[in-house]
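The residues making up each chain are set out below.
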Amino acid sequence: MKKVKILAAMMATILIASSLTGCKNSSGTTESQKGTDETATTQSNAVSISGDKTTTKTVKMGDKDVEVEVTDIGKSGTFTYWSAYTGDSAVWEQKRVDAFNEAYAELGIQCELQFVPDGAGINNGKLLSSIAGGTAPDLIVSDNPTSCYQYVAEGSFMALDAVLDEIGLDVSSFYEGCKDVMYYDGSCYLIPQDTNVIMLYYNPEIAKECGLDPENPPKTIEELDEWSDAMTVQSDDGSYSRLGIVPWLDSGNEAFIVPYLFGADPYDKETGMINLTSGEMLNYMEWIQSYARKYDPEKINAFTSGLGQMFSPDHPFMTGKVGMTITGNWFSEALREYAPDVPYEVCAVPVPEGGRANSTTFGTNVFAIPSGTDAGKAEFAALFIKFAEQGSINEDNFAQWRSIPVIDAAFDDVSLTKEGDEMYALERQIANSPENGIPALCSVSAELSNQFVALRQNLIYNPDSDAKAQLQTLQNQMQATMDAK
Amino acid sequence: MKNSISKEFYEYKHSRMRRAEAKHGLLFILPWIIGFLGFTLYPILSSLYYSFCDYSVIKMPVFTGLKNYINLFRDSTFLTACKNTAYMIILGVPLTTFFAIAISVILNSKRLKHTSWFRVIFFIPTLVPTVVACLLWIWVMQPETGVVNTLLGYIGIKGPGWLASPAWAKPAFILMMIWTCGNAIIIYLAGLQDIPESLYEAAEIDGASFLRETISITLPLLRPTILYNMVTLVIGVFQWFAEPYIMTQGGPNNSTMFYSLYLYQNAFTYFKMGYASAQAWIMLIVAFIVILILFKFLKFGESNN
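Bear in mind that the values here come from a model prediction, so they are computed numbers and not experimental data. Counting from 1, residues in each chain are numbered in the order their sequence is written. Written order decides the labels, with chains lettered from A and ligands numbered from 1. For this predicted model, a pLDDT threshold of at least 70 governs which residues receive local features, and a threshold of 80 or more governs which side-chain atom pairs are given and counted, while totals over whole chains, interfaces and linings are taken from all residues.

### Comments concerning the overall build of chain A
- The helix and strand tally for chain A stands at 19 helices and 16 strands.
- Field definition: a residue is buried when 20 or more other C-beta atoms are found within 10 Å of its C-beta, exposed when 12 or fewer are, and partly exposed for counts in between, with C-beta atoms placed from the backbone. The buried share of chain A, reckoned over its 485 residues, is 45%.
- Relative to all contacts within chain A whose residues are 6 or more apart in sequence, the contacts with residues 24 or more apart total 74%. Secondary structure elements follow DSSP: runs of H or I of four or more residues count as helices, runs of E of two or more count as strands, with numbering from the N terminus. A pair of residues counts as a contact when their C-beta atoms, built from backbone coordinates, are separated by no more than 7 Å.

### Thoughts on the pairing of strand β9 (residues 198-202) of chain A
Residues and elements named next belong to chain A.
- Within β9, 5 of the 5 residues are buried, which leaves the element mostly enclosed by the surrounding structure.
- Burial along β9 is two-sided: Ile198, Leu200 and Tyr202 facing one way and Met199 and Tyr201 facing the other are all buried.
- Here β9 runs beside strand β14 (residues 322-328); their pairing, made up of 5 bridges, is antiparallel. Note on β14: the bridge partner recorded for Met199 is Thr327.
- Pairing of β9 with strand β15 (residues 345-348), which is carried by 4 bridges, proceeds in the antiparallel orientation. Each bridged residue has a counterpart across the sheet, and for Met199 the counterpart in β15 is Ala348. The pairing criterion for strands is at least two bridges between them, as found by DSSP.

### Thoughts on the domain arrangement of chain A
All names here are of chain A.
- Domain annotation of chain A identifies domain 1 (53-196 + 363-431) and domain 2 (198-359 + 444-483).
- Where each domain starts and ends comes from a domain assignment, either automatic or drawn from a database. When each unit is reduced to the centre of its C-alpha atoms, the spacing between domain 1 and domain 2 is 30 Å.
- Across the contact, 14 residues belong to domain 1 and 14 residues belong to domain 2.
- When residues of the side of domain 1 that touches domain 2 are traced back to their parent elements, those giving at least two are α5 (145-153), α15 (391-401) and α17 (422-431).
- Throughout, the ten residues Ala, Val, Leu, Ile, Met, Phe, Trp, Tyr, Cys and Pro are labelled nonpolar, Asp, Glu, Lys and Arg are labelled charged, and all others, Gly among them, are labelled polar. Considering only residue class, the side of domain 1 that touches domain 2 consists of 5 nonpolar, 7 polar and 2 charged.

### A few points about the sheet that holds strand β11 (residues 240-245) of chain A
- Reading across from one edge, β10-β11-β14-β9-β15 (chain A) is the order of the 5 strands in this open sheet, with mixed pairing throughout. On the outer flanks of this sheet lie β10 (233-234) and β15 of chain A, each paired with one strand and no other.

### Points about α15 of chain A
Residues and elements named next belong to chain A.
- Burial in α15 covers these residues: Ile393, Asn394, Asn397, Phe398 and Trp401. The arc that holds the buried residues of α15, viewed along the axis, is 125°, so those residues lie on one side.
- Note on α15: the residue one or two positions beyond its end, Arg402, has a positive phi of about 60°. Directions drawn from the helix axis to the C-beta atoms are what define this arc.

### Thoughts on the domain arrangement of chain B
- Splitting chain B by domain gives domain 1 (2-50) and domain 2 (69-297).
- For domain 1 of chain B versus domain 2 of chain B, the separation of C-alpha centres amounts to 39 Å.

### Considerations on the interface of chain B and chain A
- Counting from both sides, the interface comprises 33 residues of chain B and, opposite them, 32 residues of chain A.
- Breaking the side of chain B that touches chain A down by element, the ones donating at least two residues are α2 (16-50), α6 (130-140) and α14 (259-269) of chain B.
- With 8 residues, the single largest contributor to the side of chain B that touches chain A is α2 of chain B.

### Thoughts on the environment of Asn144 of chain A
Residues and elements named next belong to chain A.
- Among the structural elements, Asn144 can be located in the loop between β5 (139-142) and α5.
- Owing to 20 C-beta atoms within 10 Å, Asn144 belongs among the buried residues under this scheme.
- If we skip the residues at most four places from it in the chain, Asn144 touches Gly119, Ile122 and Asn123.

### A closer look at the sheet that holds strand β3 (residues 77-83) of chain A
Residue and element names in this part refer to chain A.
- On the basis of which strands lie adjacent, the open sheet formed by 5 strands has the order β4-β3-β5-β16-β8 and mixed pairing. The open sheet terminates on both sides in strands that have one partner only, identified here as β4 (109-115) and β8 (191-196). In this sheet, neighbouring strand axes are inclined to one another by 15° on average, regardless of whether the strands run parallel or antiparallel. The axes used here are C-alpha line fits, helices contributing only the stretch in contact, and every angle between their N-to-C directions lies in the interval 0 to 180 degrees.

### Observations concerning the pairing of β4 of chain A
All names here are of chain A.
- Relative to β4, β3 is paired through 7 bridges, and the arrangement is parallel. Of the residues in β4, the one forming a bridge with Thr80 is Glu112.
- The definition of a right-handed crossover adopted here requires that, viewed with the strands pointing away, the path from the first strand over the helix to the second runs clockwise. Assessed by its sense of winding, the connection that carries the chain from β3 through helix α2 (residues 87-103) to β4 is right-handed.

### Observations concerning unusual backbone geometry
- Geometrically, the link from Gly251 of chain B to Pro252 of chain B is a cis peptide bond, its omega value of -10° lying close to zero.
- Note that Pro252 of chain B resides in the loop between α13 (242-247) and α14.
- Even without glycine at this site, Asn358 of chain A takes up a positive phi of about 50°.
- Relative to the helices and strands, Asn358 of chain A is located in the loop between β15 and β16 (363-368).
- Here Asn358 of chain A falls in the partly exposed class, since 17 other C-beta atoms lie within 10 Å of it.

### Side note on the confidence of the model for chain A
- Residues with a pLDDT of 70 or more make up 88% of chain A, whose mean pLDDT is 86.
- A residue's pLDDT is the confidence the predictor assigns to it, expressed on a 0 to 100 scale. Counted against residues more than four places away or in other chains, residues 19-51 of chain A, with its pLDDT under 50, gives 26 contacts.

### Things to note about the nonpolar core
Residue and element names in this part refer to chain A.
- As used throughout, a nonpolar core is a set of buried Ala, Val, Leu, Ile, Met, Phe, Trp, Tyr and Cys residues joined through C-beta atoms within 7 Å of each other. With 187 residues, the main nonpolar core has Leu190, Ala368, Ala381 and Phe384 as its most contacted residues.
- Here the element with the most residues in this core is helix α14 (residues 375-388); it accounts for 9 residues.
- Among residues more than four places away in sequence, those in contact with Ala368 are Ile140, Cys148, Phe157, Tyr189 and Leu190.

This is the structure we're talking about:
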């Protein structure tokens, strides 16, 4: 009996102790964070007094030797980093982190990389749970700037102005359009790693076959519609074997990219008002609905269901089912990978009168430091951001994905510019339009985008329904949601 | 004798040994009790409290009374999600149950040879991981080149757009549900094998047809098994998330926006944890009512006699 008693007591103690380990761990972290905070504050003072030291080093980035700047802030330690990248981008990310760790090895700073798919946990609640639970990483990079901005509005990321000053990263020369996503209430929260431009991709062979001049691509919506009609091939049974353009394919399926190019401003930061009923927005919806009326949306969408996403050989542009598509510069890499024989040309997205001609919305991957990150670790994270902004680090990224720097002057150092690449020159020209921006960034960004996409789908499947009334309802609903925050 | 036993039991019940045993028992289950209180009961009660709050996880909850519940019934996406889930329960659950029972009855037939192989074949789909199954079904349902429409094309039928069509997306999911009903088939087979063979023999002597045997013997005696499978299926439909999340993200035109998917969006994409908690509690109550109706309809606890 005594043995049973001892055994029961031991088991209960062990199990309770192990159950509580997790709880104790977090309280332990808080204590250690408190201690580190104090140390960090002291060290920050020391650093600001001594100033930073930046030197140049040559490190390995994959097989290449690259020259990088290394900044000594007089501290050493590790920080955790969640990256959203997958596939080839994840391979590149690993090379970048390895290069950082090599560059900062002597200074005792190390980045611990974890790949967290779906926007670095931003799209699936993982990041939210970790921030709420006090186990968030010290740095993330996400491909979903809209949701990141909503995280900023919720107070989930820390303002970076002080830490950027500390490590000497000046972001004032970044493209004005990128600053839409960087700043909230006058403080900088998100740093774009690079950016992308949206263009019209078209197949010149199909254009020629249809009697169109590939050297003179469409510039207005009317011309785009003419091209689309010319490229469309209808079979005897009424089905379509090829369409000119599907307006809601690829970037057209994003909430506000094309509406923004049509001239719409879904959210006014100055007044804090959502505006989905402007003339430009109604014009855009009318354009979308005109395609839905002309072609059966179910038949059109049959082209794009299945696995024919951007990075698969089933993409309708690659299979010749569409002659044109609105998408970002990264599509060139998808074409190179999955359909190297498909010819393509690019031009600025055609817009109607009053639209933003020769312009783009900036698609970007953003760095952010979650709230509650230890001050010292935030500095290490900022060092990584500074490291990642260097042209030598981004060179492979630019060359492979044709993404572009966030500063115009940095174009000159990119190999594609040096080689005189025409498409890259066009990207640069579009990137410099003063009309560029990132639309609808507000405290309800993610919900506004999702609800807008759902509304647009409804209008596509019911092309004769009243767009203005539905947009007005959504506008009121989202404004109320935003005002309640 | 009776008095002697009750006296012994009374003495044992109030003995030191009994108390010591109770303490040991409590000590053994203490970790579970702590786990239950901390990781099950506390979150459940928290969620009930949050359902009356404006709560974004990051900021502190602010009590708002019934606002979340009222707003939910004004939310058109929520109402669409309710309709879609109801569609699956009213149409998908009975259809899946029908096919599972039909396949089980066939597989249980003495006249059929090599039934164990067939059982394996029908069970295999349940072993396929959900993500893989979803990707597979995206291919199978592809309107242009998918297997289903290709087969339909051979018999002169032009297949619909399936996942690209607001009208056919839910039936596509029902087909997938039927494909993965291997677990239910195994349970139905166990239930069928519990039915005494003598009842069928007696029915045959009386000249009953296969259909009459099925209606008068098989289905009534299989009732508890049907109830169990339908209840688990209904709960499964309410919690259905992975398939629409991977395959359609709720589209096209919100036609596959099911209850759990919208709940997830509110909680983790829109930072509306209080709103999502209210949605979860409504789901609990509705699921409870649906299950009570099933209990009533399938006469839970009543004897077959």
